[in-house]
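Here is what each chain is made of, one letter per residue.
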Amino acid sequence: MKELKSVFSREELAENAVKLLKKLIATPSMSRDEYNASLIIEGFFNEHQLTVNRFKNNIWATNKHFDAGKPSILLNTHHDTVKPNKAYTLDPFIPVEKDGKLFGLGSNDAGASLVAMAQTFLYFYEAEDLSHNLVIALTAEEEISGLDGIEALFPQLPNVELAIVGEPTKMNLAIAEKGLLVIDGEMLGTPSHAAHPNDDNAIVKCMKDLQNILDFKFPKVSDYLGEVKVTLSVLNAGTQHNVVPEKCNFTLDVRVTDEYTNREVFEIIQSQMKSKLTPRSFRLNSSKIDVKHPFVQAGLALGRTTYGSPTSSDQAIIPCTSVKLGVGDSLRSHTADEFVYIDEIREGIDIYIKVLEKIL
């Protein structure tokens, strides 16, 4: 692209980002209850005289000189949060700036990426003769993989060729992401008095069945994501010490690599187990972008690194090429007294701009 002379300095962008993030922290925005946060985001764009669009609690916009004949690059992240956990020592909805950190629910996941993307979008908004259109979509229901977030909005977005998904990656490029498959299982047995012999104990049968799948090794291993990971996360059986129950119920959390589809993994697990298995959904598949993609190469040229992400995001339901790149550290997500470093926000804006300058 031609050398861009933005009306905003990098320092102004960083200051504006922190101000916006403080407003968002102070506005509870749990999944499916994001309306007030969406108003703040909408108001931010209106303050800068941008034409903004709303679909439910999703806010989106295109660059000023949008050209329908060009493909689009999408900046996407979410403004919903999980509920604050009980270990918080600070008020999760009062932004506190201390020791170079900004504390508050959603500061790291994914408020910092949101405000950095918003400022990046402003930086490029007035630019002419871009190779691609630039679209921003700040969406809802990511934390619950809901149906009314990016999945519902995406068909309205214009010709998206690449999506940049803002999640905490330390501004390194997650070029592959594990998918998520949740399976509910049930093993039936024969109920009886605990004092009598019972060779059809549902709990014993279930534990053998579960140990078998937990020890199972999927034959294909991903270069970036490693092995498919099966975790037993829920187990329920019995209500009395002297009664052998008629069934044992469990839930498996399965993190799927780019070597398999969710349906393929389910069929393999089903073939290895005797329990009755029910998948909750096949929607959240793994994703991957070629390391030779121009965006990835632009990031590498700036000294960023690539890796495979074990955590799922809206990448799983975005039906185009995508890469995860965002401000903050995934290890801080959903923790008590969540925070992001102010310098991380400043760095995030700078890296977003520099990478996009190489491809727009």
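Since we're looking at a predicted model, the values are computed, not measured. (Residues numbered from 1 in each chain as written. Predicted model: local features only at pLDDT ≥ 70, side-chain atom pairs only at ≥ 80, totals over all residues. Heavy atoms only, no water.)

A. Geometry of the domain arrangement of the chain. Its domain assignment divides the chain into domain 1 (10-177 + 286-358) and domain 2 (179-279). Between the C-alpha centres of domain 1 and domain 2 there is a distance of 36 Å. Each partner contributes residues to the interface: domain 1 has 12 residues there, and domain 2 has eight residues. Counting the surface lost from both domain 1 and domain 2, the interface buries some 770 Å², and carbon and sulfur atoms represent 61% of this. The largest share of the area that domain 1 buries against domain 2 comes from S286, K288 and S312, three residues that together contribute 49% of it. Across the domain 1-domain 2 interface, the total number found is one residue pair in polar contact (both at pLDDT 80 or more). Counting only elements with at least two residues in the side of domain 1 that touches domain 2, the list comes to β8 (173-177) and β16 (306-309). (Domains from an automatic or database assignment. Contact = heavy atoms within 4.5 Å. Buried area = accessible area lost by both parts, 1.4 Å probe. Polar contact = N/O pair within 3.5 Å; in protein donor to acceptor, adjacent residues only side chain to side chain. Helix = DSSP H or I, 4+ residues; strand = E, 2+ residues; numbered from the N terminus.)

B. Expanded view of the sheet that holds strand β9 (residues 179-188). On the basis of which strands lie adjacent, the open sheet formed by four strands has the order β11-β13-β9-β14 and antiparallel pairing. Lying at the two open borders of the sheet, with one neighbouring strand each, are β11 (229-236) and β14 (276-279). Taking the axes of each pair of neighbouring strands and ignoring which way they run, one obtains an average angle of 25 degrees across the sheet. As defined by bridge partners, β9 adjoins strand β13 (residues 247-256) across 10 bridges and the pair is classed as antiparallel. By the bridge assignment for β13, V182 is matched with D253. Strands in contact with helix α5 (residues 202-215) are β9, β11 and β13; relative to β13, the strand with the most contacts, it is inclined by about 10 degrees. Helix-sheet contacts for helix α6 (residues 262-272) involve β9, β11, β13 and β14, and the interaxial angle to β9 is about 25 degrees. (Pairing = 2+ DSSP bridges. Axes fitted to C-alpha atoms, helices over the stretch in contact; angles between N-to-C directions.)

C. Highlighting the nonpolar core. With 59 residues, the main nonpolar core has F45, F121, I164, F295, I345 and L356 as its most contacted residues. Here this core gets 11 residues from one element, more than from any other, and that element is helix α3 (residues 107-125). Excluding residues within four positions of it along the chain, F121 makes contact with F45, L50, A61, T62, N63, L75, L134, V135 and I136. (Core = buried A, V, L, I, M, F, W, Y, C linked by side-chain atoms within 4.5 Å. Buried < 20%, exposed > 50% of the residue type's maximum accessible area, 1.4 Å probe, protein only.)

D. Seen up close, the pattern of salt bridges. Enumeration according to the criterion identifies 18 salt bridges in this entry. Among the salt bridges present, the one from K324 reaches E177, with a minimum N-O distance of 2.7 Å. With K324 in strand β17 (residues 321-324) and E177 in strand β8, this residue pair connects regions lying 147 residues apart in the sequence. Judged by its relative accessible area of 2%, K324 is buried. Here E177 falls in the buried class, since its relative accessible area comes to 0%. Ionic pairing is found between E186 and K247, a salt bridge with its closest N-O pair at 3.9 Å. You can see E186 sitting in strand β9 and its partner K247 sitting in strand β13, a full 61 residues away along the chain. Here E186 falls in the partly exposed class, since its relative accessible area comes to 22%. Owing to a relative accessible area of 33%, K247 belongs among the partly exposed residues under this scheme. Three or more residues are tied together by salt bridges with common partners; here these are R10, D350 and K354. (Salt bridge = Lys/Arg side-chain N within 4 Å of Asp/Glu carboxyl O.)

E. Examining the UniProt feature "domain: Peptidase M20 dimerisation" (unreviewed entry) in the chain more closely. UniProt annotation of "domain: Peptidase M20 dimerisation" (unreviewed entry) refers to residues 176-277 when read in the numbering used here. Taken end to end, residues 176-277 is 25% helix and 35% strand, and its two terminal C-alpha atoms sit 28 Å from one another. (UniProt positions renumbered as here; feature names shortened; annotations may be inferred.)

F. Expanded view of the packing of aromatic side chains. A full pass over the atoms with the stated rule returns nine aromatic pairs. On the basis of an interplanar angle of 85 degrees and a centroid distance of 6.1 Å, the ring pair of F45 and F121 is categorised as edge-to-face. Separated by 76 residues along the polypeptide, F45 in helix α2 (residues 35-47) and F121 in helix α3 bring together distant segments of the chain. Its relative accessible area of 0% is what places F121 among the buried residues. Taken together, the ring pairs connect F44, F45, F121 and Y125 into an aromatic cluster. The ring of F339 has K101 sitting right over it, with the charged end atom 4.5 Å from the ring centre. (Phe/Tyr/Trp six-rings, centres within 6.5 Å; stacked < 30°, edge-to-face > 60°. Lys NZ or Arg CZ within 6 Å of the ring centre and 35° of its normal.)

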